[in-house]
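Below are the chains, spelled out letter by letter.
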Amino acid sequence: ALDSSASSDSSIADAVDGASDGDWRAISDAIFNTDSRPVILFDGVCNMCNGGVNFALDWDPDGNFRFAALQSDAGRALLQRSGRSPDDISSIVLVDKEQAYIKSDAVLRIAKRLGRPFPAVVKPFPILGRAGLLFPRFGRNFVYDRVANNRYSMFGKSDSCRISDDRFDDRFVSGG
């Protein structure tokens with residue numbers, strides 16, 4: 001976790017407040033201005049997606065990742081920065097300072113960096129993440145799309161985005 005989270009949140013909020021509808025660049029630049037950790041964009045009303053966020057928080061005790069709902073101003077700006085429509089909530093997106101990954105590429109790259117609570121020698125998620133990337137993207141995304149397209153019917157939908165937990169405040173990108 002970084003000490004600059006308060007100033008980072010402030011600069012993101014300032015960028016959102018001062019941005020016009022088309023000024024996604026200012027918002028996305030502010031997100032990485034003082035904190036270079038990648039951001040996982042998730043569907044904030046999807047029960048499965050919120051479960052995935054909770055799972056990632058538990059298995060990423062070092063705070064390698066930050067999170068933002070796809071529906072938030074920050075999420076919409078990062079979607080546009082990634083070349084996607086700001087209204088596209090069809091896929092998880094992993095956004096780092098240089099590029100973005102979607103669908104199974106995002107999931108497997110996230111898995112590669114998860115480790116807890118296993119000892120350093122045996123970390124199943126990094127192993128699965130690396131192994132999964134060896135399979136053809138078409139096949140991985142076929143499975144991903146089947147689950148993603150049915151996530152609401154299989155896992156349900158919430159009326160609101162995930163409720164915050166003070167222990168993880170520095171892990172969630174603010175800004176709408």
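Residues numbered from 1 in each chain as written. Predicted model: local features only at pLDDT ≥ 70, side-chain atom pairs only at ≥ 80, totals over all residues. Heavy atoms only, no water.

Novice: Looking at this model, I keep getting lost on helix H3 (residues 47-59). Mind explaining?
Specialist: Since there are 3.6 residues in each turn of an α-helix, residues three or four apart along the chain are aligned in direction. An ideal rise of 1.5 Å per residue puts 18 Å on 13 residues; H3 measures up with 18 Å between its terminal C-alpha atoms. Within H3, the full set of buried residues consists of Cys49, Asn50, Val53, Ala56, Leu57 and Trp59. (Helix = DSSP H or I, 4+ residues; strand = E, 2+ residues; numbered from the N terminus. Expected span 1.5 Å × (residues − 1). Buried < 20%, exposed > 50% of the residue type's maximum accessible area, 1.4 Å probe, protein only.)

Novice: Would you take a moment to explain the confidence of the model for the protein chain for this structure?
Specialist: When pLDDT is low, close inspection of the predicted coordinates is not appropriate. When the pLDDT values of the protein chain are averaged, the result is 81; 77% of them are 70 or greater. Here helix H1 (residues 5-18) is the element of the protein chain with the lowest mean pLDDT, 52, and strand E3 (residues 93-95) is the one with the highest, 97. (pLDDT = per-residue confidence, 0-100.)

Novice: Explain the pairing of strand E1 (residues 39-42) to me, please; I cannot follow it from the model alone.
Specialist: Residues in a regular strand project their side chains so that they alternate between the two faces of the sheet. Of the two faces of E1, both are covered, the one formed by Val39 and Leu41 as well as the one formed by Ile40 and Phe42. Considered for its hand, the β-α-β crossover made up of E1, H3 and strand E2 (residues 66-69) is right-handed. Two elements, E1 and E3, share three bridges in a ladder whose sense is antiparallel. Each bridged residue has a counterpart across the sheet, and for Leu41 the counterpart in E3 is Val93. (Right-handed = clockwise from strand over helix to strand, strands pointing away. Pairing = 2+ DSSP bridges.)

Novice: How should I be thinking about the packing of helix H5 (residues 103-111) against helix H7 (residues 137-149) in this particular structure?
Specialist: Where H5 contacts H7, the axes come no closer than 8 Å and their chain directions differ by 95 degrees. With respect to their mutual orientation, H5 and H7 come out roughly perpendicular. In this structure, H5 contributes Lys103, Ser104, Asp105, Val107 and Leu108 to the contact, and H7 contributes Arg137, Arg140, Asn141, Tyr144 and Asp145. Split into classes, the residues belonging to the contact of H5 with H7 amount to three nonpolar, two polar and five charged. (Axes fitted to C-alpha atoms, helices over the stretch in contact; angles between N-to-C directions. Parallel < 35°, antiparallel > 145°, perpendicular 65-115°, else oblique. Contact = heavy atoms within 4.5 Å. Nonpolar A, V, L, I, M, F, W, Y, C, P; charged D, E, K, R; others polar.)

Novice: Any chance you could explain the nonpolar core here in plain terms?
Specialist: Considering soluble globular proteins, one finds that nonpolar side chains tend to be buried as a cluster. Phe42, Phe65, Phe67, Leu94 and Phe172 are the most contacted members of the largest nonpolar core, which has 18 residues in total. Listed by contribution, the elements that provide at least two residues to this core are E1, H3, E2 and H5. In terms of residue count, H3 provides more of this core than any other element does, five residues in total. Leaving out residues up to four positions away in the same chain, Phe65 has contacts with Arg37, Pro38, Ile40, Asp60, Leu94, Arg109, Ile110, Arg113, Leu114 and Arg171. Residues Ile31, Ala74, Leu79 and Val95 belong to the second largest nonpolar core, which totals 15 residues. (Core = buried A, V, L, I, M, F, W, Y, C linked by side-chain atoms within 4.5 Å.)

Novice: How should I be thinking about the sheet that holds E2 in this particular structure?
Specialist: Strand pairing within a sheet occurs via backbone hydrogen bonds; the two strands may be parallel or antiparallel. Within the open sheet, the four strands sit side by side as E2-E1-E3-E4. Their pairing is mixed. The strands lining the two open edges of the sheet, one partner per strand, are E2 and strand E4 (100-102). The average angle at which neighbouring strand axes cross in this sheet is 20 degrees, direction not considered.

Novice: Where do I start with the packing of aromatic side chains in this structure?
Specialist: One pair of aromatic rings is described through two measures. These are the centre distance and the angle between the planes. Across all of its chains, the model carries two aromatic pairs by this definition. With a centroid separation of 5.3 Å and an interplanar angle of 20 degrees, the aromatic rings of Phe55 and Trp59 are classed as stacked. Of the two residues, Phe55 and Trp59 are both situated in helix H3; the distance of four residues between them amounts to about one turn of the helix. Accessibility expressed as a relative area gives 37% for Phe55, which makes it partly exposed. Ring centres of Phe67 and Phe172 lie 5.5 Å apart, and the angle between their planes is 35 degrees; this geometry places the pair in the tilted category. Within this pair, whereas Phe67 is found in strand E2, its partner Phe172 is found in the segment after helix H8 (151-155), the two being separated by 105 residues in sequence. The pair Phe67 / Phe172 is uniform in exposure class, with both members buried. In this structure, Arg146 packs its charged tip against the face of Phe142, placed 4.3 Å from the ring centre. For the cation-ring pair, Arg151 lies above Tyr152, with the distance from its terminal atom to the ring centre recorded as 4.8 Å. (Phe/Tyr/Trp six-rings, centres within 6.5 Å; stacked < 30°, edge-to-face > 60°. Lys NZ or Arg CZ within 6 Å of the ring centre and 35° of its normal.)

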